[in-house]
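Understanding the architecture of this molecule
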Amino acid sequence: MQARRYRVITLGIVLAVVGAVAPLAVMAYASWQIAIGKELSGLQRQAEDAVERASFTFSDARAALAEVDAANVTPCSPQHIALMRVLTINTVSVEEIGYFEDGKLRCTSWGVTEADIAKPRVDYTTADGVEVSLRILPIVSRGKHMTALHLGNHNVLVTPSRFVDVELGRGISLALFNNSGLLIDGSNDPDISFARQHIDNKVTGIDGERMFASVSGGGVVAVTSEQTSMVYGQLRRELTLFLPVGLFIAAFIVAVVVVFSRGKLSPRAELEFAIHRRQFIVHYQPIIELATGVCVGAEALVRWRQRDGSIVRPDLFIPLAEETGLIMPITDQVVEAVVKDMSAVLASDRGLHIAINLCAADIKSGRFIDMIAEKLQNTDIHNEQIWLEATERGFMDVEAARTNLERARKAGHSVAIDDFGTGYSSLQYLQGLPVDALKIDKSFIDMIGRGTATSSVTLHIIEMAQELGLFAVAEGVETEEQAAYLREHGVSFGQGWLFSKALAAQDFLDFRKTSIAKFGPAPAIIRLVKSI
Ligand code: C2E
Ligand code: CA
Ligand code: CA
């Protein structure tokens, strides 16, 4: 039993720990995933904004270029210069417009140019035919880098930050490339080589210390990124939401485990476990014919043999078994044990019987009759060789008891009232009951020879049995004096330590052999029943 308790407790602790840790771990993991997901989708949104912003700037500038290039004006005429000026003012992205001829700047939105300024080198050409020159240093910009967009004979100067002019979240940096990876501009001090490694359409991810999002469209690619550690703030917010849920689930699981383990450790559960493991064995206490000393049978007394080999006495578990209804499967196992242990000897000696104790519930329900019939099927045991003992508690429902015991007797079993004298049985009450024998309770046998008032009760019980035509079996016979008294007063059978304690099956078989050698075999079973 200790081993099982130990196992239940260990398992309970393991389950409780797992049950407490698992939901917290799951919630922490979920918080982490959600925090990362939110952070990455934030980055992606910013990259999308950046792409939109850059596309707008390009198309805005291109529209101005297209308009001026298509205008029907004399190059560098006052009208031409005026148009360029108007467009510069009206186009947000554009800082200046210039007109080129033969690869040289002729005039700008500021007027005719005297200086010898060549058309800047072209870094790439967009899909809609605009030549882009990145990071050039025109004189007018006074040292600031500009981006020049060239279409037809005109170009516009755009401040590069116009392309990346989006409001970025804290700690987020942005790098904007053209489709072939040329940097157009960055914002918030981006790590350009890191960003370039992650140019890919619609991708978000974590790469070591940094997390990133990359979005392309309109001929540009925007890569936003931030320190991976930025996720901790988000994680904290998610945890305040998810951890209480995890704690609640953990507490629930631990409570369930505790309740379950306690149940498993309850005496009832121990008994259920014993039934499941078939830990019940039967010992046999010889029943002796007092007149001759012949062993005529035995009472089957159940014992609970635990895994460590220790034996638990029935008074320690039968009351609980009766209370919980677990007595029925125990009775079943007792009958099975009797069949297994005693089939051979009962078949070879028809004078021998085994008495089985029934519980009150069995007598009330009558279920035992079919159960015994079923277990005796295909054995060579006669029903007459199985006696049944019923305590007075079984007669609470007199009608049911009468019906069921009558059925049992019709099937051939003899029925004895167990612990007789300890209940309320009156003569009148007994007369109506279908029984064959009385088992006089040990407490009355103990009184024999003591000269107390109870000993006259003993005598009264013996006489009562005789009057009713019932056999009497004296229980708990411990002394020769008691045996002599019982014999003298016509008690047929005795059972007690004077003859033998309850014995293991093989020991009982050995006892019987010795008894036959000394006193001879049991006579044929006299049906105790006179009439039903
Ligand atoms: P019980 O049916 O009255 O069984 C007789 C009890 O008295 C047995 O105790 C037996 O070992 C003990 N006994 C017999 N002779 C002597 C004696 O000379 N001196 C003393 N001091 N005791 C003696 P056990 O085996 O401990 O059984 C106790 C009770 O448990 C039984 O009382 C019976 O009520 C119940 N029981 C035992 N086996 C079963 C069973 O299979 N089913 C049911 N329902 N109850 C059982
Ligand atoms: Ca008994
Ligand atoms: Ca008894």
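Summary of the structure given here. (Residues numbered from 1 in each chain as written. Chains lettered and ligands numbered in written order. Predicted model: local features only at pLDDT ≥ 70, side-chain atom pairs only at ≥ 80, totals over all residues. Heavy atoms only, no water.)

**Thoughts on the environment of D102**
Definition in use: Helix numbers and strand numbers start at the N terminus; a helix is a DSSP run of H or I with at least 4 residues, a strand a run of E with at least 2. Throughout, exposure labels follow a simple rule: accessible area from a 1.4 Å probe, protein chains only, divided by the maximum for the residue type, with under 20% read as buried, over 50% as exposed, and the rest as partly exposed.
With respect to the helices and strands, D102 occurs in the loop between β1 (94–101) and β2 (104–108). The class for D102 is exposed, based on a relative accessible area of 71%.

**Section: the coordination of the calcium ion (ligand 2)**
This is how it is decided: Only nitrogen, oxygen and sulfur atoms qualify as donors, and only when within 2.8 Å of the metal (3.2 Å in the case of Na, K and Ca); with water excluded, sites may look incomplete.
Those protein atoms acting as donors to the calcium ion (ligand 2) are E299 (OE), N357 (OD1), E389 (OE) and D418 (OD), and they sit at 2.1 to 2.2 Å. Every donor residue of the calcium ion (ligand 2) comes from the same chain, spaced as E-x57-N-x31-E-x28-D. Here the calcium ion (ligand 2) and the calcium ion (ligand 3) are spaced 3.9 Å apart, and both take D418 as a donor. In this pair, E389 sits in strand β17 (residues 386–391) while D418 sits in strand β18 (residues 414–420), placing the two residues 29 residues apart along the sequence. Both residues of the pair, E389 and D418, count as buried.

**Regarding the state of the cysteines**
Joining two cysteines, a disulfide is a covalent bond between their sulfur atoms. To keep it simple, the criterion reads: Any pair of cysteine sulfurs within 2.5 Å is marked as a disulfide.
For the coordinates displayed, the defined rule picks out 1 disulfide. The disulfide that involves C76 links it to C107, with 2.1 Å between the sulfurs. Between C76 and C107, the disulfide has an S-S torsion of -90° and is therefore left-handed. Here C76 is found in the loop between α1 (2–70) and α2 (78–90), whereas its partner C107 is found in strand β2, with 31 residues between them in sequence. On the basis of relative accessible area, C107 is assigned to the buried category, the value being 0%.

**Observations concerning a nonpolar patch on the surface**
Convention followed: Patches draw on residues past 30% relative accessible area with no salt bridge. Two like charges within 9 Å are joined, as are two nonpolar side chains (Val, Leu, Ile, Met, Phe, Trp, Tyr) within 5 Å. Each accessible area is a Shrake-Rupley estimate made with a 1.4 Å probe; only the visible protein chains count as cover when residues are assessed. Whenever a carboxyl oxygen of Asp or Glu lies within 4 Å of a side-chain nitrogen of Lys or Arg, that contact is scored as a salt bridge.
Taken together, I9, I13, V17 and V21 make up a surface patch of nonpolar side chains, about 350 Å² in accessible area. Summarising the element assignment, V17 is placed in helix α1. For V17, a relative accessible area of 46% puts it in the partly exposed group.

**As for the environment of D308**
Note that D308 resides in the loop between β14 (295–305) and β15 (311–312). Spatially, the C-alpha atoms of D308 and V14 are 25 Å apart, while their sequence positions differ by 294 residues.

**Re the coordination of the calcium ion (ligand 3)**
Around the calcium ion (ligand 3), the donor atoms from the protein are D418 (OD), D419 (OD), E475 (OE) and E475 (OE), and they sit 2.2 to 2.5 Å away. One chain supplies every donor to the calcium ion (ligand 3), and in sequence these donors are spaced D-D-x55-E. Judged by relative accessible area, which is 6%, D418 ranks as buried. On the basis of relative accessible area, E475 is assigned to the buried category, the value being 11%.

**Description of the packing of aromatic side chains**
Note the threshold: The pairing test for Phe, Tyr and Trp rings, Trp by its six-membered ring, is centres within 6.5 Å, and the orientation test on the planes gives stacked under 30 degrees, edge-to-face over 60, and tilted for anything in between. Only when the NZ atom of a Lys or the CZ atom of an Arg is both within 6 Å of the ring centre and within 35 degrees of the ring normal do we say a charge sits over the ring.
A full pass over the atoms with the stated rule returns 9 aromatic pairs. Measuring from ring centre to ring centre gives 6.1 Å for F194 and F212, while their planes differ by 75°; the resulting arrangement is edge-to-face. Residue F194 is located in helix α3 (residues 192–197), and its partner F212 is located in strand β11 (residues 210–217); the two are separated by 18 residues in the primary sequence. With respect to class, F194 is no different from F212; both count as buried. Put simply, the rings of F280, W304 and F317 touch in pairs and so form one group of aromatic residues. In this arrangement the basic side chain of R210 is found over the ring face of F194, its NZ or CZ atom lying 5.8 Å from the centre.

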